[in-house]
Amino acid sequence: MPQPRRLVQGNEAVAEGAIAAGARFFAGYPITPSTEIAEVLSGRLPQVGGHFIQMEDEIASMAAVVGASLAGKKALTATSGPGFSLMQENIGFAAMAQVPCVIVDVMRGGPSTGLPTEPSQGDVMQARWGTHGEHSIIALVPSSVRECFTLTVQAFNFAEQFRTPVIVLSDATVGHMREAVELPTPDELHIVERGEPDCSPAAYDQVVSTVDNILPRPALGSRFKVHATGLVYNRRSGAPDTGTPAVAQDLGRYLREKIYRHRDDITMVEELEMEDAEVALFAYGSVARSAKAAMRWARAQGVKVGMVRPITLWPFPTAAVEYMADRVRTVIVPEMNLRQMAWEVQAAVKGRAKVVDYGRVDGTLIRPDEIEKLIEKEFHYHGFS
Amino acid sequence: MRPRPTAEIRHYLRTPKTLWCPGCSNGIVTRAIIDAVVNLGLDPDKVVVVAGIGCSGRTTAYFDFSTVHCTHGRALPVATGVKAADPSLHVVVVMGDGDCAAIGGNHLIHAARRNIDLTAVVFNNLIYGMTGGQMSPTTREGDVSTTSLFGNIEQAFDICELARAAGATYVARGIPYSYQQLVTLIAGGLVHKGFSFVEAVSTCPTYYGRQNKPAEPSEMLKLMKRSAVPAATFKEGAEFRDRFPVGVLHHAERQEYTQAYEEVQRRARE
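Keep in mind that what you see is a predicted model, and the values were worked out from it rather than measured.

Take the overall build of chain B next. Scanning chain B from N- to C-terminus turns up ten helices and eight strands. Taking 18 Å as the expected radius of gyration for a compact globule of 270 residues, we find that chain B reaches 18 Å, a close match to that expectation. Based on the C-alpha atoms only, the size of chain B along its principal axes is roughly 65 × 40 × 35 Å. In chain B, which comprises 270 residues, the proportion classed as buried is 54%. Relative to all contacts within chain B whose residues are 6 or more apart in sequence, the contacts with residues 24 or more apart total 65%.

For the rest of this paragraph, the subject is helix α9 (residues 245–260) of chain A. Residues and elements named next belong to chain A. The terminal C-alpha atoms of α9, which comprises 16 residues, lie 22 Å apart, in line with the 22 Å expected from a rise of 1.5 Å per residue. Among all positions of α9, only L255, K258 and I259 are buried. Among the structural elements, α4 (81–97), β7 (138–140), α6 (145–162) and α10 (263–266) are those in contact with the buried residues of α9.

The next point concerns the sheet that holds strand β16 (residues 354–359) of chain A. Hydrogen bonds between backbone groups are what pair the strands of a sheet, and the pairing can be parallel or antiparallel. Residue and element names in this part refer to chain A. Pairing is mixed in the open sheet, where five strands are placed in the order β11-β13-β12-β15-β16. Since the sheet does not close on itself, it has two edges, and those belong to β11 (269–272) and β16, each with one partner. Here the strands of the sheet are splayed against their neighbours by 20° on average, with no regard to which way each runs. Looking at chain direction, strand β15 (residues 330–335) and β16 are connected through six bridges and run parallel. Paired with I332 across the two strands is V356, which belongs to β16. On top of the sheet, helix α13 (residues 340–349) reaches β12 (279–282), β15 and β16; it is set at about 160° to β15, its chief contact.

With that settled, the discussion passes to the packing of helix α12 (residues 318–327) of chain A against α13(A). Residue and element names in this part refer to chain A. Interaxial distance between α12 and α13 falls to 8 Å at its minimum, and their mutual angle equals 65°. Taken as axis vectors, α12 and α13 run roughly perpendicular relative to one another. The handedness of the crossing between α12 and α13 comes out as right-handed. Residues T318, V321, E322 and A325 of α12 touch α13, and the partners they reach there are V345, A348 and V349. Residue composition of the contact of α12 with α13, grouped by class: five nonpolar, one polar and one charged.

Residues and elements named next belong to chain A. Along its 17 residues, α4 runs 24 Å from first to last C-alpha, staying within 8% of the 24 Å computed at 1.5 Å per residue. The largest bend in α4 amounts to roughly 45° and is located at Q88. Along α4, 13 of the 17 residues are buried, which leaves the element largely enclosed by surrounding structure. Remark: Q98 follows α4 within two positions and exhibits a positive phi of approximately 60°.

A few words now on unusual backbone geometry. Each neighbour pair has its own omega, and for T32(A) with P33(A) the value is 5°, a cis peptide bond. By the secondary structure assignment, P33(A) is in the loop between β2 (23–28) and α2 (35–47). For the bond from G110(A) to P111(A), the omega torsion is 0°, close enough to zero to count as cis. When you line up the elements, P111(A) lands in the loop between β5 (101–109) and β6 (115–119). One non-glycine residue, K213(B), lies in positive phi territory at about 65°. Here K213(B) is to be found in the loop between α8 (205–212) and α9 (217–227). Overall, the presence of 12 C-beta atoms within 10 Å leaves K213(B) in the exposed class.

This prediction gives chain B a mean pLDDT of 97; 100% of its residues lie at or above 70. Scoring of the predicted complex yields 0.97 for pTM and 0.97 for ipTM.

On the side of chain A, 38 residues touch chain B, which itself brings 32 residues to the contact. Contributing elements (two or more residues each) for the side of chain B that touches chain A: β2 (66–69), α3 (75–85), α5 (105–114) and α10 (257–269) of chain B. Partitioned by chemical class, the residues of the side of chain B that touches chain A number 14 nonpolar, twelve polar and six charged. In terms of strand pairing, strand β10 (residues 227–229) of chain A meets β2(B) through three bridges, oriented parallel. Bridging from a neighbouring strand, H227(A) pairs with T67(B) of β2(B).

Here the focus is the domain arrangement of chain A. Residue and element names in this part refer to chain A. If you check the domain split of chain A, you get domain 1 (1–266) and domain 2 (270–382). Domain 1 and domain 2 are separated by 29 Å when their C-alpha centres are compared. Within the residue set of the side of domain 1 that touches domain 2, elements represented by two or more residues are β6, α5 (124–129), β7, β8 (165–171), α7 (172–176), α9 and α10. Here the side of domain 1 that touches domain 2 takes four residues from α5, the largest share from any one element. Its residues assigned to classes, the side of domain 1 that touches domain 2 shows 15 nonpolar, six polar and four charged.

Rules of the game
Residue indices begin from 1 for each chain and proceed along its sequence in written order. Written order decides the labels, with chains lettered from A and ligands numbered from 1. Totals for whole chains, interfaces and linings use every residue, but because this is a predicted model, local features are given only for residues with pLDDT of at least 70 and side-chain atom pairs only at 80 or more, for both listing and counting. Secondary structure follows DSSP: runs of H or I at least 4 residues long count as helices, runs of E at least 2 residues long count as strands, and numbering of each begins at the N terminus. Note on method: radius of gyration uses C-alpha positions; expected globular size equals 2.2 Å times residues raised to 0.38. Here a residue counts as buried when 20 or more other C-beta atoms sit within 10 Å of its C-beta, as exposed when there are 12 or fewer, and as partly exposed otherwise, the C-beta atoms being derived from the backbone. Once C-beta atoms are placed from the backbone, any two residues with those atoms within 7 Å are in contact. To estimate how far a helix should reach, multiply one less than its number of residues by 1.5 Å. The pairing criterion is simple: DSSP has to find at least two bridges between the two strands. Lines are fitted to the C-alpha atoms to define the axes, a helix being fitted only along its stretch in contact, and any angle between axes, read from their N-to-C directions, falls within 0 to 180 degrees. Roughly parallel means an angle under 35 degrees; roughly antiparallel, over 145; roughly perpendicular, 65 to 115; everything else is oblique. A crossing counts as left-handed when the near helix is turned anticlockwise from the far one by less than a right angle, and as right-handed when that turn is clockwise. Residue type decides the class: Asp, Glu, Lys and Arg count as charged, Ala, Val, Leu, Ile, Met, Phe, Trp, Tyr, Cys and Pro as nonpolar, and the leftover types, Gly among them, as polar. Throughout, the bend at a residue refers to the angle made by two axes, fitted to the seven residues ending there and to the seven starting there. What pLDDT expresses is the predictor's confidence in each residue, scored from 0 to 100. Per the annotation, domain bounds derive from an automatic or database assignment of domains.

Quick look at the structure:
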């Protein structure tokens, strides 16, 4: 039974996606442009036996999400830049203690209070490196209302599969935009449930996760004794051990490898018109919508422009960018920040193509005609073929 | 409440060793928590201890309950998430004075305001021990620390008064010297349905004692005993200067947060 088409806002779609994914706990603090996610979930969660709590700040919100996830509930929070900064402390704890959870950052202009509440993509590097210390992270970037739903579901699945915090990087445009969508029905969704280790508590002490077999974290209050810590711990016993370099190295490597060795499964990229493209647009989130319009315009002029849209931003889809670089002479990277992802693209392109960056930090969306001008310039320089 | 034999207490410890200094009273408070749990006959699988960072936070590695050693000052909001997600759990929150009254002060007043059913036990040794003896919000005026070399000029928090004013419905203070009373006070917090706050005034001979005297662990405990006055006989005034009340300081009934939320769930489903 397909769902009827209805007009849904991006933030509402995130909230519905969370419910569909099995999230039963939300803790948050009001901040524009993310607040609708909290408002919708404050009504929806108690209907499905879940729990919504408004905390005293974003530090406490992220802490409560960690606590609820440790107690066995799929949990999320939603915020924007200033709150995302405050959450970094406990995002780091979730990465270290391997606590599955989802953080939705609806990006607005920054730094600090910045541009409340105009769109931005200024937090893309913060999503990767916002918390201190070596760690891995997964970040997904929706560019439509439907993706706000599907990527929230996917974020929960990745969080459970890899026992990690996952960040959904929305922005003020995508979050506040309304589109007529058919949201997926429950039977169309693949949901990764929170499992329990498939062994006795005594045997649990003898088993250890490997990169290819990540055991679920037993819940507090289950038959397993749990110790979750932000200290470096021995992966076998779970006990803190800060005096053995080999233990710290093993944990540090594992926390990276459990995600990076699965990057082919995690990185999602949409390619459009790339078969014969001479110039590629590399764009994500709301800017990808403008880029797509610019690409259609260029094709209508007979100009060979394609597009690569990363849906997973972290881990960075290096392989897809390398493949792109081998086929085009120029990659244009429009983004609502000043070169944050363009640097990353440049690193993956390794000089095989020219990288043109185009950034805006004025709180206005990059329009299709701006990207069209960049395309025109590129083909004017090289001559239309 | 009768203290349980050491052999029985040991059953609830993961390791016989701690990193605490000789003469530290954290071990006594840790034992008192186990004693209270055992005396009440709580299912150990349903006891969760959440602690922050500092000497007190290390208890999580010692208790053989389910334990969370979270970030500095954030034990209360983490515990709030645990309790809200699974109200069947007995959640004990261990904090130090810096944890509870400095970096986590905002979380303390809000947990108390919500009256969520957590049992907070604060190891208040009046100093930052783990980092080597800096002043904390409970360091008394005039006390010397490595960051108040000429005497502390800031007024100390009375954390029990703070918790009570913020809405805690069970507030008690005990001392390691009076072990049996401390066990009873913690047990009272575990039984109470609402936010319970138990201050365990404790001693740090290494960093507080050496800088402020007496430095001898047993002398520190004796001084503590002389300073502690039963709550019923304690009065404000010169006679009780440098003294503090011990016992149950406040006990009230008010709707508990997770129970109130069940009503929210019921209304939402209508």
